[in-house]
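Coordinates in review
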Amino acid sequence: MSNFEVIIYEKKDDIGYVTLNRPQALNAYNLQMRDELYQVLGAIKDDPEVKIAIFRGAGERAFCAGADLTEFLTAPSPVIARQVRWERDVWGLFLSITKPLIAAVHGYVLGDGLEIALCCDIRLASEDTQFGMPELGLGIIPAAGGTQTLPRMIGGAKALEVLLTGRWIKVEEAHRLKLVNQVVSRHDLLPAAERLANKIKAYSPTAVTYAKQAITRGLDLSLDEGLELEAKLGRLIISSH
Ligand code: COA
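As a starting point, this report considers the structure included with it. Every value quoted in this text rests on a predicted model; they were computed, and no experiment measured them. (Residues numbered from 1 in each chain as written. Predicted model: local features only at pLDDT ≥ 70, side-chain atom pairs only at ≥ 80, totals over all residues. Heavy atoms only, no water.)

1. Looking at the nonpolar core
Formed by 48 residues in total, the largest nonpolar core has its most connected members in Leu37, Ile44, Phe55, Phe94 and Phe131. The element that contributes the greatest number of residues to this core is helix α1 (residues 31-46), accounting for six residues. Setting aside chain neighbours within four positions, we find Phe55 in contact with Val18, Leu37, Leu41, Ile44, Phe63, Phe94, Leu101, Ile102, Ala103, Ala104 and Cys120. (Core = buried A, V, L, I, M, F, W, Y, C linked by side-chain atoms within 4.5 Å. Buried < 20%, exposed > 50% of the residue type's maximum accessible area, 1.4 Å probe, protein only. Helix = DSSP H or I, 4+ residues; strand = E, 2+ residues; numbered from the N terminus. Contact = heavy atoms within 4.5 Å.)

Here you go:
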């Protein structure tokens, strides 16, 4: 894949590497990034050569400092915005990927940046990471799934506190809240993500994607329905052998 301006997409040893690449603007999420991310996510979803993906941010200071404020409120009318959403449902596409996704984040992880990390399955963060949802301060609410994905990760009360107060969370607290799986040094961030990716991709891709589906889809089901889903996926695996 080429001709991208604000995302670097690379493939190596069955791993897809997605780098948000606007370091001069702390990798703020702009329309260009939305369009490129949409293409990259489609590639990760469909490419049999990619078994797992790692998301990270270019530069020293941020994974992503949220929506690009220079484009803020320059979007078209709500009607057009809704049409665009149907054409480019980045977040729906993100959450529909059945392969494991790892976010390796550092520095500022704000707004859309946090929502991108929340669309991933496992989050590694370096010691300098800070998370926040500053949307209310701008008179808006998160629009990339954050009102749904954050409470599923850290519980409703904490998610409300983060959103309603605009308070930023340092990495130690994020780890305690289970927003982050592991805290590592900045130097070890990518190697740690790669160690994890290598371990996961050594397993049967079918078993891995079914395990992901059973857990992520199961979280939205009753226990009985979740057990049915697990049994169905288990039968599918056995019949595929
Ligand atoms: N959109 C567009 N540009 C952004 C940006 C954003 N969300 N966040 C940072 N940048 C740009 C800055 O304008 C600056 O550009 P410049 O060097 O051309 O002036 C550059 O990135 C560095 O940011 P700066 O603000 O100088 O760094 P800082 O260390 O003083 O502050 C933050 C860092 C993250 C606290 C601050 O940039 C900030 O509050 N950003 C906005 C966060 C936000 O509200 N995001 C929207 C969420 S919905």
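2. Description of the state of the cysteines
A full pass over the atoms with the stated rule returns zero disulfides. Free cysteine: Cys119, not disulfide-bonded; nearest cysteine sulfur from Cys120 at 7.0 Å. Judged by its relative accessible area of 4%, Cys119 falls in the buried class. (Disulfide = S-S within 2.5 Å.)

3. Overview of the site of the ligand
In the vicinity of the ligand lie 15 residues, with Arg61, Ala65, Ala67, Asp68 and Leu69 positioned nearest. For the ligand, an oxygen atom lies 2.2 Å from a polar atom in the side chain of Arg61. A distance of 2.8 Å separates a nitrogen atom of the ligand from a polar atom in the backbone of Leu69. With the chains in place, 58% of the 860 Å² that the ligand exposes on its own is no longer accessible. Looking at side-chain class alone, the shell around the ligand contains eleven nonpolar, one polar and three charged residues. (Near = heavy atom within 4 Å. Polar contact = N/O pair within 3.5 Å; in protein donor to acceptor, adjacent residues only side chain to side chain. Areas by Shrake-Rupley, 256 points an atom, 1.4 Å probe, with all protein chains shown as cover. Nonpolar A, V, L, I, M, F, W, Y, C, P; charged D, E, K, R; others polar.)

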